[in-house]
Amino acid sequence: MTDRPMSLVRRTLCLLALSVAGAGLAVVPHPARARVWVGFGFPLVVAPPVYYPPPAYYPPPPAYYPPPPYYAPPPVSYAPPPPQYSLSSQSCLVAGTSVCPMERPVASGSSCYCTTSEGRVWGRAT
């Protein structure tokens, strides 16, 4: 029962599409003419010379920018504390020839170091 109305709609739409296509083909004003073009794909344009001024000169920025007037240095409490070197009562025996005071206390017999003008010197704690 539903086949008959659907086939009627389909037939109507097909006839309408064919008639529109036929009408479009029938309205051609004249047949197409053959055209020939030979070229390289880019136009040859000859224009008068154009003057471009030199680029504008901008001096470099100053080497130092002073801080703004509202700048405040960070509080001292944020800075890490300086290392505290205190001489202990222990001494460090370096290669059996010299003895120097130790900067940090360690257990007796363990390795230790002393800071000299030549760098760190390693030895054993007494």
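My aim in this report is to walk through the structure given alongside it, one point at a time. (Residues numbered from 1 in each chain as written. Predicted model: local features only at pLDDT ≥ 70, side-chain atom pairs only at ≥ 80, totals over all residues. Heavy atoms only, no water.)

Remarks on the overall build of the protein chain
At step 1: Across its full length, the protein chain holds 1 helix and 4 strands.
At step 2: Going from N to C terminus, the protein chain has its helices and strands arranged as α-β-β-β-β.
At step 3: For the protein chain, with 126 residues in total, the buried portion stands at 9%.
At step 4: Taking contacts inside the protein chain between residues at least 6 apart in sequence as the whole, the part at least 24 apart equals 18%.
At step 5: For the protein chain, the exposed area adds up to about 12300 Å²; of that, 68% sits on carbon and sulfur atoms. (Helix = DSSP H or I, 4+ residues; strand = E, 2+ residues; numbered from the N terminus. Buried < 20%, exposed > 50% of the residue type's maximum accessible area, 1.4 Å probe, protein only. Contact = heavy atoms within 4.5 Å. Areas by Shrake-Rupley, 256 points an atom, 1.4 Å probe, with all protein chains shown as cover.)

Thoughts on the packing of aromatic side chains
At step 1: Counting across every chain of the model gives 1 aromatic pair.
At step 2: When the ring of Y113 is compared with that of W122, the centres are 5.3 Å apart and the planes differ by 55°; the resulting orientation is tilted.
At step 3: In this structure Y113 comes out as buried when scored by relative accessible area, which is 16%.
At step 4: Of the residues examined, W122 reaches a relative accessible area of 54% and is grouped as exposed.
At step 5: A cation over a ring is seen here: R120 above Y113, with NZ or CZ 4.2 Å from the ring centre. (Phe/Tyr/Trp six-rings, centres within 6.5 Å; stacked < 30°, edge-to-face > 60°. Lys NZ or Arg CZ within 6 Å of the ring centre and 35° of its normal.)

A word on the sheet that holds strand β2 (residues 98–101)
At step 1: Read from one edge to the other, the open sheet built from 4 strands follows the order β2-β1-β4-β3, with strand pairing classed as antiparallel. Of all the strands in the sheet, just β2 and β3 (111–116) have a single pairing partner and so form its edges. Here the strands of the sheet are splayed against their neighbours by 45° on average, with no regard to which way each runs.
At step 2: By the bridge criterion, 4 bridges tie strand β1 (residues 91–94) to β2 in an arrangement that is antiparallel. Residue V94 lies in a different strand from β2, and its bridge partner there is S98. (Pairing = 2+ DSSP bridges. Axes fitted to C-alpha atoms, helices over the stretch in contact; angles between N-to-C directions.)

Observations regarding the nonpolar core
At step 1: Counting 7 residues, the largest nonpolar core consists of C92, V94, C100, M102, C112, C114 and A125.
At step 2: Mapped onto this core, the elements with two or more residues apiece are β1 and β3.
At step 3: Excluding its chain neighbours within four sequence positions, the residues that come into contact with V94 are C100, V121, W122 and G123. (Core = buried A, V, L, I, M, F, W, Y, C linked by side-chain atoms within 4.5 Å.)

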